[in-house]
Amino acid sequence: MQQYIGLMSGTSLDGIDAVLTAFDGPQCKVIRTFYQPYPDDLKQAILALHEPDDNELERSLILSNQLARLYAQAVHSLLDGDNGKTRAIGCHGQTIRHRPDLGFTLQLNNPALLAELTNTAVVADFRTRDIAAGGQGAPLVPAFHQAVFGHPTIHRVIVNIGGISNLTNLPLDGSVTGFDCGPGNLLMDAWCHQHTGRAYDKNGEWAAGGKVNPYLLEKLLAHPFFQQHPPKSTGRDMFNSLWLEQQLSSVDDPTDVQATLAELSARSIADAIQRYCAGADEVYLCGGGAHNRVLHGRLQTLLSPIPIARADALAIPVDWVEAVAFAWLAKQTLEGKPGNLPAATGAAGLRILGAIYPA
Ligand SMILES: Nc1ncnc2c1ncn2[C@@H]1O[C@H](COP(=O)(O)OP(=O)(O)O)[C@@H](O)[C@H]1O
Ligand SMILES: [Mg+2]
């Protein structure tokens, strides 16, 4: 069985999820995991590059090198000296712009440097080929969800709650779809950091102490993205602190805003499931937002009687599903197999994704 490494660093900007996996047909085994949080200055430098500013070109290339070095460190920590069997690393990179409407998406990374530092083949830049084929370049996890979580007699929906939330619908007739639902954690994280100094609201405890503000919720849900039909994808370009500030009034209580942001994430996911996943038997949560008890509880209530479980029940712990997906996508690429799902991204057809940097 060949081993692959997946490196995921998502829109939450929390850090790097590194997994060592082995695939055997539809079975996948997580052998080892390592989490490398971003140092605060790196996170700030990435955030700053989301906005147009001076000397972006050089700053982004320098940051790409810094990221590649940190990815390599994560790989070394993950392998702990045992790298004999790894066939390739699938590395997502760090998104700083996602504008499929303008025909581009940009994930910072220096895959050549990563290959050099790890002496391992790297597959990177997964999203651009799908965009070149007319797609959104996102979400890319549905094909993986289908391969490992699909069930012949149970209609499942997989919900990944990262900075942005996305879902994969796995109906029994096989017509798998997937799309971004809206902000997952990123608005909650930004608000929590601004008011408490903490990077995120652990288990949703702060939000649990607030009351949902129905006027603010309406205003937030009025964003046109929520009414748009899939295929659709989004990112920090659309949902960010500036947009949130524009929706707030000066009298809003910070704890109630946090509760309202949690409700926004829950409602946008629940609405998407009710609208586009009719007949779902089971919903599984993954991504860091799966730890947020307010989100989990509200999804359970909004979607009752559909049971809401965590992806751990499907044998991949919630924090590692996306990283495993990028290990799988690297395997697909090396085997000359497609990684996108045109029904999810809107691409003109199946495409072999990414660029290969040989060992
Ligand atoms: N115990 C927890 N309680 C609430 N939220 C959590 C917890 N652990 C992680 N998170 C959330 O998950 C986020 C990271 O999720 P992740 O799946 O890595 O997203 P991304 O792919 O966007 O990086 C954190 O920023 C935080 O908002
Ligand atoms: Mg993350």
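Presented here is an overview of the structure given in this document.

**Here we look at helix 12 (residues 321-334)**
Between its terminal C-alpha atoms helix 12 stretches 20 Å, which fits the 20 Å expected from 14 residues at 1.5 Å a residue. Of all 14 residues making up helix 12, 13 are buried, and the element is well covered by its neighbours.

**Focus: the pattern of salt bridges**
For the coordinates displayed, the defined rule picks out nine salt bridges. Aspartate 82 serves as the salt-bridge partner of arginine 32, at 3.2 Å between the closest nitrogen and oxygen. Separated by 50 residues along the polypeptide, arginine 32 in strand 3 (residues 27-37) and aspartate 82 in the loop between helix 2 (56-79) and strand 4 (86-91) bring together distant segments of the chain. What makes arginine 32 partly exposed here is its relative accessible area of 29%. A salt bridge links arginine 267 to aspartate 271; the shortest N-O distance between them is 3.5 Å. One end of the pair is arginine 267 and the other is aspartate 271, both in helix 10 (residues 254-276) and four residues apart, which spans about a single turn. Each member of the salt-bridge network shares a partner with another, and the members are Lys331, Glu335 and Lys337.

**Describing the pairing of strand 3**
The side chains of a regular strand alternate between the sheet's two faces. Examined bridge by bridge, strand 2 (residues 15-24) and strand 3 share 10 bridges and lie antiparallel to one another. By the bridge assignment, phenylalanine 23 is partnered in strand 3 with cysteine 28.

**A look at the packing of aromatic side chains**
Evaluated as defined, the whole model comprises nine aromatic pairs. Through a chain of ring-to-ring contacts, three or more aromatic side chains come together here, namely Phe225, Phe226, Phe239 and Trp243. The residue whose ring lies beneath lysine 232 is phenylalanine 225, and the NZ or CZ to ring-centre distance is 4.4 Å.

**Notes on the sheet that holds strand 7 (residues 122-124)**
A sheet is described by the order of its strands in space; here six strands give the open sequence 3-2-1-4-7-13, paired in mixed fashion. Of all the strands in the sheet, just strand 3 and strand 13 (355-357) have a single pairing partner and so form its edges. Adjacent strand axes in the sheet meet at a mean angle of 20°, parallel and antiparallel pairs treated alike. Taken strand by strand, helix 2 contacts strand 1 (3-8), strand 2, strand 3 and strand 4, and its axis lies near 125° from that of strand 3. Strands strand 1, strand 2, strand 3, strand 4, strand 7 and strand 13 of the sheet are contacted by helix 12, whose axis makes an angle of about 125° with strand 1.

**Some thoughts on the site of ligand 1**
Near ligand 1 there are 19 residues, and of these Ser12, Gly163, Asp189, Asn203 and Gly288 occur at the shortest range. Between ligand 1 and glycine 163 there is a distance of 2.7 Å, counted from an oxygen atom to a backbone nitrogen or oxygen. Note that an oxygen atom of ligand 1 is positioned 2.6 Å from one of the side-chain N or O atoms of aspartate 189. Starting from 580 Å² of accessible surface for ligand 1 in isolation, the protein chains cover 90%. For the shell around ligand 1, the residue count by class is one nonpolar, 12 polar and six charged. For the shell around ligand 1, the domains that each give at least three residues are domain 1 (2-138 + 320-357) and domain 2 (141-314).

**Observations concerning helix 2**
Helix length check: helix 2 (24 residues) gives 34 Å between terminal C-alpha atoms against 34 Å at 1.5 Å per residue, within 8%. Those residues of helix 2 lying buried are Ser60, Leu63, Ser64, Leu67, Ala68, Leu70, Tyr71, Ala72, Ala74, Val75, Leu78 and Leu79. The positive-phi residue at the C-terminal boundary of helix 2 is aspartate 80, with phi of around 50°.

**Side note on the nonpolar core**
Counting 79 residues, the largest nonpolar core has Val159, Leu167 and Ile273 as its most contacted members. Contact partners of valine 159, with chain neighbours within four places excluded, come to Asn166, Leu167, Ile269, Ile273, Val283, Tyr284, Leu285 and Cys286.

**Brief notes about the sheet that holds strand 12 (residues 308-310)**
Taken in spatial order, the five strands line up as 10-9-8-11-12 in an open sheet, and their pairing is mixed. Where the open sheet ends on each side, the last strands, each with one partner, are strand 10 (177-183) and strand 12. On average, each strand axis in the sheet is inclined to that of its neighbour by 25°, with strand direction left out of account. Of the pairings in the sheet, the one linking strand 8 (residues 156-161) to strand 9 (residues 164-170) comprises six bridges and is antiparallel in character. Note that in strand 9 the partner of valine 157 across the bridge is asparagine 169. Seen against the sheet, helix 5 (residues 142-149) touches strand 8, strand 9 and strand 10 and runs at an angle of roughly 45° to strand 9.

Each value, and the rule that gives it
- Residues numbered from 1 in each chain as written.
- Chains lettered and ligands numbered in written order.
- Predicted model: local features only at pLDDT ≥ 70, side-chain atom pairs only at ≥ 80, totals over all residues.
- Heavy atoms only, no water.
- Helix = DSSP H or I, 4+ residues; strand = E, 2+ residues; numbered from the N terminus.
- Expected span 1.5 Å × (residues − 1).
- Buried < 20%, exposed > 50% of the residue type's maximum accessible area, 1.4 Å probe, protein only.
- Salt bridge = Lys/Arg side-chain N within 4 Å of Asp/Glu carboxyl O.
- Pairing = 2+ DSSP bridges.
- Phe/Tyr/Trp six-rings, centres within 6.5 Å; stacked < 30°, edge-to-face > 60°.
- Lys NZ or Arg CZ within 6 Å of the ring centre and 35° of its normal.
- Axes fitted to C-alpha atoms, helices over the stretch in contact; angles between N-to-C directions.
- Contact = heavy atoms within 4.5 Å.
- Near = heavy atom within 4 Å.
- Polar contact = N/O pair within 3.5 Å; in protein donor to acceptor, adjacent residues only side chain to side chain.
- Areas by Shrake-Rupley, 256 points an atom, 1.4 Å probe, with all protein chains shown as cover.
- Nonpolar A, V, L, I, M, F, W, Y, C, P; charged D, E, K, R; others polar.
- Domains from an automatic or database assignment.
- Core = buried A, V, L, I, M, F, W, Y, C linked by side-chain atoms within 4.5 Å.

In short, geometric facts, not functional conclusions.
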